[in-house]
Amino acid sequence: MAESSSKEQQHFWKERLAPFKGADVGRSVRQLTVTLGVYFALWAAMVWSLQVGYWLTLIIAVPAAGFMMRVFLIQHDCGHGSYLKSRKRADLLGFWLGVLTLTPYKYWRKTHAYHHAHSGDLDFRGFGDITTHTLAEYRAMGFWGRLNYRIYRHPVVLFTVGGIFLFVFKHRFPWDVPRSWTQAWKSVWQTNAAIVGVLVVAHFTIGLTAFAMVHLPVLLVGTTLGVWLFYVQHQFEDTYWHDHNEWEYYEAGLEGSSHLVLPRPLQWLTAHIGVHHVHHIGARIPNYRLEECVEAVPELQKVRHMTFWDGMKTLHLALWDEDTQRLITFREAHRTAA
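Now for a quick tour of the structure.

Calculation notes
- Residues numbered from 1 in each chain as written.
- Predicted model: local features only at pLDDT ≥ 70, side-chain atom pairs only at ≥ 80, totals over all residues.
- Heavy atoms only, no water.
- Pairing = 2+ DSSP bridges.
- Helix = DSSP H or I, 4+ residues; strand = E, 2+ residues; numbered from the N terminus.
- Buried < 20%, exposed > 50% of the residue type's maximum accessible area, 1.4 Å probe, protein only.
- Salt bridge = Lys/Arg side-chain N within 4 Å of Asp/Glu carboxyl O.
- Expected span 1.5 Å × (residues − 1).
- Contact = heavy atoms within 4.5 Å.
- Phe/Tyr/Trp six-rings, centres within 6.5 Å; stacked < 30°, edge-to-face > 60°.
- Lys NZ or Arg CZ within 6 Å of the ring centre and 35° of its normal.
- Axes fitted to C-alpha atoms, helices over the stretch in contact; angles between N-to-C directions.
- Parallel < 35°, antiparallel > 145°, perpendicular 65-115°, else oblique.
- Left-handed = near helix turned anticlockwise from the far one by under 90°.
- Patch = residues over 30% accessible without salt bridge, like charges linked within 9 Å, V, L, I, M, F, W, Y side chains within 5 Å.
- Areas by Shrake-Rupley, 256 points an atom, 1.4 Å probe, with all protein chains shown as cover.

Concerning the pairing of strand β5 (residues 326-329)
The side chains of a regular strand alternate, residue by residue, between the two faces of the sheet.
Then, in step 1: Taken together, the 4 bridges between strand β4 (residues 317-321) and β5 define a ladder with antiparallel strand orientation. In the strand pairing of β5, D321 is matched with R326.
Then, in step 2: Here β4 folds back onto β5 in antiparallel fashion, the turn holding 4 residues, of which Q325 has a positive phi close to 55°.

Some remarks on the pairing of β4
Then, in step 1: With 5 of 5 residues buried, β4 is to be regarded as a mostly interior element.
Then, in step 2: Sheet topology note: the strand β1 (residues 133-134)/β4 ladder contains 2 bridges and is parallel. Residue pairing for β4: T134 is matched across the bridge by W320.

Side note on the pattern of salt bridges
Then, in step 1: Counted according to the given criterion, the structure contains 9 salt bridges.
Then, in step 2: Of the charged contacts in the structure, one is a salt bridge between E137 and R125, with a shortest N-O distance of 2.7 Å. Of this pair, E137 sits in helix α6 (residues 135-140) while R125 is found in the loop between α5 (105-118) and β1, placing the two residues 12 residues apart along the sequence.
Then, in step 3: A residue is classified by how much of its surface remains accessible, and R125, at 28% relative accessible area, is partly exposed.
Then, in step 4: Ionic pairing is found between E237 and R326, a salt bridge with its closest N-O pair at 2.9 Å. Pair noted here: E237 is in the loop between α10 (208-232) and α11 (249-255) and R326 is in strand β5, with a separation of 89 residues, a long-range link.
Then, in step 5: Given the relative accessible area of 39%, E237 is considered partly exposed.
Then, in step 6: On the basis of relative accessible area, R326 is assigned to the partly exposed category, the value being 25%.
Then, in step 7: Within this structure, R87, D91 and R109 form a network of salt bridges that share partners.

Quick look at helix α4 (residues 87-100)
Then, in step 1: Its 14 residues give α4 an end-to-end C-alpha distance of 20 Å, which sits within 8% of 20 Å, the value for a rise of 1.5 Å per residue.
Then, in step 2: Within the sequence span of α4, burial applies to A90, D91, L93, G94, F95, L97, G98 and V99.
Then, in step 3: Elements in contact with the buried residues of α4: α2 (25-49), α3 (54-80), α5 and α9 (182-204).

Focus: the packing of aromatic side chains
Then, in step 1: Using the criterion set out here, one finds 22 aromatic pairs in the structure.
Then, in step 2: When the ring of Y249 is compared with that of Y250, the centres are 5.0 Å apart and the planes differ by 90°; the resulting orientation is edge-to-face.
Then, in step 3: Since its relative accessible area comes to 11%, Y250 is described here as buried.
Then, in step 4: The cationic tip of K170 hangs over the ring face of W175; the distance from NZ or CZ to the ring centre is 5.4 Å.
Then, in step 5: Positioned above the aromatic ring of W185 is the side chain of R179, whose terminal nitrogen or guanidinium carbon lies 4.4 Å from the ring centre.

Quick look at the environment of F40
Then, in step 1: Note on placement: F40 falls in helix α2.
Then, in step 2: F40 sits 27 residues away from F67 along the chain, and the two C-alpha atoms are 9.2 Å apart.

Comments concerning the packing of α2 against α10
Then, in step 1: Relative orientation of the contacting elements α2 and α10 amounts to 130°, with a least axis distance of 9 Å. With respect to each other, α2 and α10 are oriented oblique. Note on packing geometry: the crossing formed by α2 with α10 is right-handed. Taking contact as the criterion, the partners of Y39, W43, M46 and V47 in α2 are, on α10, F211, V214, H215, P217 and V218.

Remarks on a nonpolar patch on the surface
Then, in step 1: On the surface, F165, F169, F173, W175 and W189 cluster together to form a nonpolar patch covering roughly 570 Å² of accessible area.
Then, in step 2: Here W189 shows up in helix α9.
Then, in step 3: Residue classification places W189 among the partly exposed residues on the basis of a relative accessible area of 44%.

In structure tokens, the structure reads:
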């Protein structure tokens, strides 16, 4: 019965989502041109602003970080094969966008595909997601295990230190990736080499000190925003987690992914990735068609909607309580244990 139900859902959603899948190359090129044009203009303005005052540089870093995040989301669509009709061209574009975002493209593509294939599955955690333990797992940990997990899940660590650590350091040598992932490792070394090339050019043009003064604040703000955005897409109280034998792909996508409703300018800046439930069940839909899809398919409107402030309220959720089927805080965990 379960297998039959799964096939029915697959047929249902395949039929509903089909009109929105596939790249509109003209729209993709226009979006890419605007995004890169504004991003590089803001970056150049930051270099110029060093002559005026660093306070101005830091102000411009905020919108520049937003556009860097948008560059990452276009790279994200390349990885899903939804941005250009040619896979070869999408991979080439994804690689160079990955240089800008410090993200080895094929390494990220493979781990992110794992996330899509297993999101919400308690038996397949570890790649491409935010580490989440169950309440029972947490209680079984020793003192140091609990302390490490509490530090990891603290908002200051997760959204600032964690983002910089991931993009600046771990992406240079992702030690948890199997050596058999040869294409992923090749992507890591190629991206690192290209980044070295960028630094050499910076040394002989604006200087490494100026480069760091400009790009580090962009990275800090951009990675913080990016990690927060990814966090609220899956980490909310009534999200979806099940053991593998009870897990279902479409239920995980629809119930375990939020619809983050942002003001229109921010929806545009974040490439509509807040429409995350649609993205999870239809990854071949390009970002600029996600909202069109929601408006056209009534069934997609009956999901967990979140505002920016709803997202902020989720920051202290940390443990999945399998008994109550909800994410809880550390405080709740200790209170129920008392």
